[in-house]
Amino acid sequence: MNRRNWLQRSLAAAGALALSGCDRIAQSERVNSTLDWAESWTRGVQRVLLGRNALAPEYSEKDISREFRANGTTHPDTDEYNALAQANFAGWKLVVDGLVERPLQLSLNDLRQMPSRTQITRHDCVEGWSCIAKWRGTRLSTVLQRAGLKPQARYIAFYCADTLELALDGTGQYYETIDLIDAMHPQTLLAYDMNDRPVDIAHGAPLRLRLERQLGYKMAKYVMRVAAITDFTKLGRGKGGYWEDRGYQWYAGI
Amino acid sequence: MSKAEYPLPDGRVVFYRHPLFVRIVHWINAVCLLLLLMSGLQILNAHPALYWGQVSTFDQPFINFRSGEGAAFPAWAILPGWQDLASGRRWHFFVAWVFVLNGLAYAVYVVASGRLRRTLSPTREQLRHLGDSIVEHLKLRFPHGEEARQYNVLQKLSYLAVMFFLLPLMILTGLTMSPGMDARLHLLTEVFGGRQSARTLHFLTAAAIVLFFVIHVLAILAAGPLNEMRSIVTGWFAIRPGPTVSRAPPVHKELTK
């Protein structure tokens with residue numbers, strides 16, 4: 001073994017050691033829970049800086065993206081959903097329940113008859129890309145006011161028609177939770193129109209959440225049920241959403 | 001100005017160059033930048049294409065990193081070392097906090113202590129001889145005598161550019177990518193040309209910092225790695241006093257005029 005050979009080998013060994021050391025650190029439970037502090041710092045600081053009502057920027061018609069990428073589920077493949085879609089969601093009803101005074105069942109027509117908001121906003125995916133589209137829908141706050149939140153309500157949960165992962169314990173079902181600050185934000189919509197047409201299946205028909213100050217994965221598609229809850233630790237794997245259960249931040253404002 | 005200085009038996013003089021605070025900040029910063037770079041490449045791996053403007057023009061990327069199958073950036077360059085966007089983001093945002101707080105502490109210190117003016121700002125004399133200094137650097141000749149007591153003009157200018165331009169640009173382009181902060185800082189997002197431009201600038205700035213790092217290390221190797229390393233670890237830096245050999249002192253030039 002000559003000197004260069006030896007040098008190369010020791011460098012490779014040192015590299016492998018450093019890499020496996022890094023991996024061991026990156027997998028450690030304690031390290032990961034330390035890293036999670038950042039999420040609460042970010043949330044705390046952003047809450048202070050943004051307040052309840054700072055609006056996400058809105059754009060004009062000419063800014064609308066020609067291609068709006070669809071991520072996650074692009075077609076929930078269940079018999080129930082397919083039957084609803086075949087009937088153009090005529091039989092679909094949004095269930096509003098949980099900690100509310102008056103549980104509701106709202107058809108698309110009911111939602112369309114309520115006051116609406118239209119906004120052209122940018123959708124930022126956690127992967128890094130962005131697209132702009134025009135959304136029309138009912139403010140979530142309008143629906144929640146009609147149902148009447150009980151004082152114990154702290155979060156709003158969205159239950160969706162799509163299953164992204166076939167998990168035996170049923171945790172593969174898409175769901176999301178947001179707090180009341182976001183639920184009552186003027187741009188938080190239950191959107192039924194995208195670019196002046198009913199939201200298509202790839203983008204969450206018949207109804208999806210728009211939560212403009214956070215990333216795309218918070219904006220649940222195929223929303224079937226909206227429930228007011230006190231905490232989300234008993235939903236899914238307890239982290240407050242499908243992607244949150246898989247390591248993503250619950251607060252996705254960054 | 002220096003805390004103290006001692007002669008060495010070999011004729012050199014050691015003096016206290018970097019205060020403890022600066023040394024600590026330097027090394028925290030170095031570790032942060034490495035972790036931010038690697039977790040940043042992990043995040044970029046999730047969608048390895050950059051765009052210009054507010055939105056992604058998928059068929060016309062500004063820069064496309066993907067070539068064929070597989071990840072754009074290899075396992076050794078990313079943190080963690082496997083494809084895991086969620087963990088990459090956790091690392092990135094945690095370390096970003098440490099990096100920002102460390103940088104703020106340094107900024108306050110460097111201004112309040114007068115070090116910015118005393119140690120980092122080029123003197124008028126140095127600026128007048130900027131050209132000479134560039135030529136000397138291109139010849140890889142570095143001062144070792146009395147001249148090495150203070151930072152060289154190019155060194156000062158590049159430190160200032162990194163500290164007060166590149167690193168803040170890194171933070172600001174990062175912040176404007178946050179959909180939350182965009183609700184507050186949208187004007188800044190517009191200044192960068194849109195969110196996707198900000199993302200592109202974030203990457204280009206990172207590349208510029210990597211370039212600075214390479215030059216920084218090369219300069220250390222050329223100027224005497226042991227001496228330089230000792231000074232940023234222990235604070236003590238050795239110089240060889242005596243007449244400068246690299247070029248005639250500026251005073252002399254003026255006298256002959």
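Remember, it's a predicted structure, so these values are computed and weren't measured experimentally.

Engineer: When you look at the packing of helix α1 (residues 20-46) of chain B against helix α9 (residues 195-223) of chain B in this model, what are you seeing that I'm missing?
Structural biologist: The relative placement of two packed helices comes down to the angle between their axes together with the axis-to-axis distance. Residue and element names in this part refer to chain B. At a minimum axis separation of 11 Å, α1 and α9 run at an interaxial angle of 135°. With respect to each other, α1 and α9 are oriented oblique. Here α1 and α9 pass one another in a crossing that is left-handed. Facing His26, Leu33, Leu37, Leu41 and Leu44 of α1, the residues of α9 in contact are Arg199, Phe203, Ile209, Val210 and His216. Within the contact of α1 with α9, the residues separate by chemical class into seven nonpolar, two polar and one charged.

Engineer: Is there a simple way to explain the interface of chain B and chain A in this structure?
Structural biologist: Many authors give the size of an interface as the accessible area that is lost as the parts come together. Listed per partner, the contact involves 32 residues of chain B and 48 residues of chain A. Across the interface of chain B and chain A, roughly 3,700 Å² is buried in total on both sides, 63% from carbon and sulfur atoms. For chain B, the biggest contributors to the area lost against chain A are Phe58, Arg90 and Trp97 of chain B; these three give 19% of the whole. Inspection of the chain B/chain A interface yields three salt bridges. For the pair chain B and chain A, the interface holds 17 residue pairs in polar contact (both at pLDDT 80 or more). Elements represented by at least two residues in the side of chain B that touches chain A include exactly α1, α2 (85-112), α7 (179-182), α8 (186-191) and α9 of chain B. Considering every element that reaches the side of chain B that touches chain A, the biggest residue donor is α2 of chain B, with eight residues.

Engineer: In this structure, what is going on with the packing of aromatic side chains? I would like to understand it.
Structural biologist: Aromatic ring pairs are described here by two measures, namely the spacing of the ring centres and the angle between the planes. Within this structure, the stated rule accounts for 24 aromatic pairs over all chains. When the ring of tryptophan 41 of chain A is compared with that of tryptophan 97 of chain B, the centres are 5.8 Å apart and the planes differ by 85°; the resulting orientation is edge-to-face. Taken together, the residues tryptophan 41 of chain A in helix α3 (residues 37-50) and tryptophan 97 of chain B in helix α2 connect one chain to another. A residue is classified by how much of its surface remains accessible, and tryptophan 41 of chain A, at 34% relative accessible area, is partly exposed.

Engineer: Please clarify how a nonpolar patch on the surface should be interpreted in this entry.
Structural biologist: All names here are of chain B. On the surface, Leu37, Val210, Phe213, Val214, Val217, Leu218 and Leu221 cluster together to form a nonpolar patch covering roughly 570 Å² of accessible area. Relative to the assigned elements, leucine 37 resides in helix α1. Residue classification places leucine 37 among the partly exposed positions, given a relative accessible area of 31%.

The rules behind these values
- Residues numbered from 1 in each chain as written.
- Chains lettered and ligands numbered in written order.
- Predicted model: local features only at pLDDT ≥ 70, side-chain atom pairs only at ≥ 80, totals over all residues.
- Heavy atoms only, no water.
- Axes fitted to C-alpha atoms, helices over the stretch in contact; angles between N-to-C directions.
- Helix = DSSP H or I, 4+ residues; strand = E, 2+ residues; numbered from the N terminus.
- Parallel < 35°, antiparallel > 145°, perpendicular 65-115°, else oblique.
- Left-handed = near helix turned anticlockwise from the far one by under 90°.
- Contact = heavy atoms within 4.5 Å.
- Nonpolar A, V, L, I, M, F, W, Y, C, P; charged D, E, K, R; others polar.
- Buried area = accessible area lost by both parts, 1.4 Å probe.
- Salt bridge = Lys/Arg side-chain N within 4 Å of Asp/Glu carboxyl O.
- Polar contact = N/O pair within 3.5 Å; in protein donor to acceptor, adjacent residues only side chain to side chain.
- Phe/Tyr/Trp six-rings, centres within 6.5 Å; stacked < 30°, edge-to-face > 60°.
- Buried < 20%, exposed > 50% of the residue type's maximum accessible area, 1.4 Å probe, protein only.
- Patch = residues over 30% accessible without salt bridge, like charges linked within 9 Å, V, L, I, M, F, W, Y side chains within 5 Å.
- Areas by Shrake-Rupley, 256 points an atom, 1.4 Å probe, with all protein chains shown as cover.

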